[in-house]
Amino acid sequence: MDVRPEAVAGMFYPAGEGQLRQVVQALLAEAPARLSAGGWPKAVIVPHAGYVYSGSTAAHAFAQLAPSRGTIRRVVLLGPVHRVPVRGLALPGALAFRTPLGTIPLDQEAMRAVARLPQVGVSPRAHAHEHSLEVQLPFLQEVLGDFALLPLAVGDATAQEVGDVLEQVWGDEATVVVVSSDLSHYLPSEPARATDRATVDAMLAGRTDIDHRQACGATPVNGLLAVAPRHGLAPRLLKLCNSGDTSGDKTRVVGYASLALEPDPRAQPDGEVPAGAGSTLLPMARNAIARALGVETPEAPVAGRWLQLPRASFVTLREQGALRGCIGSIEPVRPLVDDVRRNAVAAALHDHRFTRLQAHELDGVSIEVSLLTIPEPLAVRSEEEALRTLRPGHDGVVLHWCGQRATFLPQVWEQLREPREFMRRLKQKAGLKAGFWDAQVRLERYAVRKWVERA
């Protein structure tokens, strides 16, 4: 078998090239990249059901890899066997894999390297109809362009055996690891949510004892989580749902989650934002505004790796205690030094709610800089559940609905202390009616660290 052909096209995803590309692009467009401070993920965990069920969840992981196009040249792809039993891990015995979007060459050198390990064999039968690997390929083709593939069908193996294989091909930033796994199977929706939440919490805690009732790909998941700490990585949840959310059938559902494994800030102290960051960030914001207003101001020195890492910030201006401007970024898309400067100028000159700040007003304005954590999805099914889940005074909230979006920083709780009123105003900020709710509403929450100029 020189080329392993597509086996589940027309069942799990569209068989036509044009329709498939259109579907994948639409799913990715609804899942923008949110890079951590360390850039794109080294590894992702993604579900493998049909695209109508889990495609949107998988897209949340693959979208994180979009900025790596041209850099990632090898994908190490692991998924559980569903049809043919395997002892250990199986290579396909092929030279390439094909999908409606084209042919992907297999990494022959990497296959030879892992084939030397006793737990790795060759089984064309295990790969021939295995969907857990195939359904990931169109996403990878669309996001990465050209790359070489190392596909491994995982059967009866230990986490250490999987980890040893991963270590053999871990590579540098040109290699990404993709692990394919769904969560619980065929429980009613409510018990499934509780089970899947517990499973994801275990993954986020780095546990390596996930079982196959919790996740069909538990073996490769455990192997990945076992090696992640050695490389300074920690998992981050991107999306969690089940098939009842997409199909409407709540009686027997399958759970889906996407996670990214990224540099763990606890393992990289030189990248941490210091407690005294305000002494750098606040003058930086003020100087940026002054220069934009034509006020001669010396450039403040910028030192520290933490300022060069992508982070999301908001800059808030107040005049005699009243809001005078507030602009920011929800996702970390640029180095912190650039993000704070850009948002400071935007808050002063481009907040449409206020007139442009004038140079003579600058001395009477106080500045606040907030740094945001990565927003995490809130798995809620109704507004009432959302109101019970929110933590007043702590949570910043992002609301999405059909392309409309708005956020409130945690500081807004100081004026809107009651969750229902907080949510009503947030919906209005997004251009929706105060009493609006829809099944397509998505909520995320985040925390902030903030620094305020002293009067």
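Up top is the structure.
A brief report on the enclosed structure follows. (Residues numbered from 1 in each chain as written. Predicted model: local features only at pLDDT ≥ 70, side-chain atom pairs only at ≥ 80, totals over all residues. Heavy atoms only, no water.)

Considering the overall build of the chain
Inference 1: Secondary structure assignment for the chain yields 14 helices and 20 strands.
Inference 2: A globule of 455 residues ought to have a C-alpha radius of gyration of about 23 Å, and the chain, at 24 Å, matches this closely.
Inference 3: Its C-alpha atoms give the chain principal-axis dimensions of roughly 75 × 50 × 40 Å.
Inference 4: In the chain, buried positions account for 56% of the 455 residues.
Inference 5: Summing over all exposed atoms, the chain offers an accessible surface of approximately 19,500 Å²; the carbon and sulfur share of this is 51%.
Inference 6: Distance from the positive charge centre (50 side chains) to the negative charge centre (49 side chains) of the chain: 3 Å. (Helix = DSSP H or I, 4+ residues; strand = E, 2+ residues; numbered from the N terminus. Rg over C-alpha atoms; globule rule 2.2 N^0.38 Å. Buried < 20%, exposed > 50% of the residue type's maximum accessible area, 1.4 Å probe, protein only. Areas by Shrake-Rupley, 256 points an atom, 1.4 Å probe, with all protein chains shown as cover. Lys, Arg positive; Asp, Glu negative; His and termini not counted. Charge placed at Lys NZ, Arg CZ, Asp CG, Glu CD.)

Some thoughts on the pairing of strand 9 (residues 175-180)
Inference 1: Of all the 6 residues making up strand 9, 6 are buried; the element is thus mostly covered by neighbouring parts of the structure.
Inference 2: Side chains of strand 9 alternate between two faces, with Thr175, Val177 and Val179 and Val176, Val178 and Ser180 buried alike.
Inference 3: Note that strand 2 (residues 43-46) and strand 9 share 4 bridges and pair parallel. Its bridge partner lying in strand 9, Ala43 is registered against Val177.
Inference 4: Where strand 3 (residues 74-80) and strand 9 come together, 5 bridges link them in parallel fashion. Note on strand 9: the bridge partner recorded for Val75 is Val176. (Pairing = 2+ DSSP bridges.)

Brief notes about the sheet that holds strand 20 (residues 448-452)
Inference 1: Pairing is antiparallel in the open sheet, where 4 strands are placed in the order 14-13-15-20. Where the open sheet ends on each side, the last strands, each with one partner, are strand 14 (322-328) and strand 20. Averaged over all pairs of adjacent strands, the angle between strand axes in this sheet comes to 20 degrees, irrespective of strand direction.
Inference 2: Two elements, strand 13 (residues 312-319) and strand 14, share 6 bridges in a ladder whose sense is antiparallel. Note that in strand 14 the partner of Glu319 across the bridge is Ala322.
Inference 3: Running at roughly 125 degrees to strand 15 (residues 365-372), helix 11 (residues 278-292) makes contact with strand 13, strand 15 and strand 20 of the sheet.
Inference 4: Across the sheet, helix 12 (residues 336-349) lies against strand 13, strand 14 and strand 15, angled at about 35 degrees from strand 13, the strand it touches most. (Axes fitted to C-alpha atoms, helices over the stretch in contact; angles between N-to-C directions. Contact = heavy atoms within 4.5 Å.)

Describing the layout of surface pockets
Inference 1: Here the second largest pocket defines a volume of roughly 1,100 Å³.
Inference 2: Lining the second largest pocket we find 43 residues, and of these Lys239, Ala439, Gln440, Val441 and Arg442 sit closest to its centre. (1 Å grid on protein atoms, 1.4 Å probe; cavity = no way out; pocket = protein on both sides within 12 Å on 5 of 7 lines; lining within 4 Å. Points joined across faces, edges and corners; volume = space filled by probe spheres on them.)

What to know about the pattern of salt bridges
Any two side chains of opposite charge can pair if their charged atoms end up close together.
Inference 1: If you walk through the whole model with that rule in mind, you get 30 salt bridges.
Inference 2: Across the salt bridge formed by Asp245 and Lys250, the nearest N and O atoms sit 3.6 Å from each other.
Inference 3: Here Asp245 falls in the partly exposed class, since its relative accessible area comes to 35%.
Inference 4: A relative accessible area of 38% places Lys250 in the partly exposed class. (Salt bridge = Lys/Arg side-chain N within 4 Å of Asp/Glu carboxyl O.)

Re empty space enclosed by the protein
Over the atoms rolls a probe the size of a water molecule, and in doing so it shows where empty space is left.
Inference 1: Per the stated rule, a full pass over the model turns up 1 cavity of 30 Å³ or more.
Inference 2: Each pocket or cavity is described by its volume, and for the largest cavity that value is around 30 Å³.
Inference 3: Around the largest cavity sit Pro47, His48, Ala49, Tyr51, Ser54, Gly55, Ala58, Val135, Gln136 and Phe139, which together line it.
Inference 4: Examining the composition of the lining of the largest cavity, we find that 4 residues originate from one element, helix 2 (residues 51-62), more than from any other.
Inference 5: Its residues placed into classes, the lining of the largest cavity shows 6 nonpolar, 4 polar and no charged. (Nonpolar A, V, L, I, M, F, W, Y, C, P; charged D, E, K, R; others polar.)

Concerning the packing of aromatic side chains
Inference 1: What the rule picks out here adds up to 6 aromatic pairs.
Inference 2: Centre to centre, the rings of Trp401 and Phe436 are 4.9 Å apart; their planes meet at 70 degrees, and the pair counts as edge-to-face. Of this pair, Trp401 sits in strand 17 (residues 396-401) while Phe436 is found in the loop between helix 14 (419-429) and strand 19 (442-446), placing the two residues 35 residues apart along the sequence.
Inference 3: Residue Trp401 is classed as buried on the basis of its relative accessible area, which comes to 19%.
Inference 4: Among the aromatic residues, ring-to-ring pairing joins Tyr13, Tyr51, Phe62 and Phe139 into one connected group. (Phe/Tyr/Trp six-rings, centres within 6.5 Å; stacked < 30°, edge-to-face > 60°.)

Observations concerning the packing of helix 1 (residues 17-29) against helix 2
Inference 1: Relative orientation of the contacting elements helix 1 and helix 2 amounts to 60 degrees, with a least axis distance of 8 Å. Judged by the angle between their axes, helix 1 and helix 2 are oblique. When the axes of helix 1 and helix 2 are compared, the crossing they make is right-handed. Seen from helix 1, the contacting residues are Leu20, Val23, Val24, Leu27 and Leu28; seen from helix 2, they are Tyr51, Gly55, Ser56, Ala59 and Phe62.
Inference 2: Residue composition of the contact of helix 1 with helix 2, grouped by class: 8 nonpolar, 2 polar and no charged. (Parallel < 35°, antiparallel > 145°, perpendicular 65-115°, else oblique. Left-handed = near helix turned anticlockwise from the far one by under 90°.)

Some remarks on the environment of Ala15
Inference 1: Tracing the backbone shows Ala15 in the loop between strand 1 (3-4) and helix 1.
Inference 2: The partly exposed category is assigned to Ala15, whose relative accessible area is 48%.
Inference 3: Along the sequence, Ala15 and Thr99 sit 84 residues apart, while their C-alpha atoms lie 8.6 Å from each other.
Inference 4: Beyond its immediate stretch of four places on either side in the chain, Ala15 contacts Ala9, Gly10 and Pro100.

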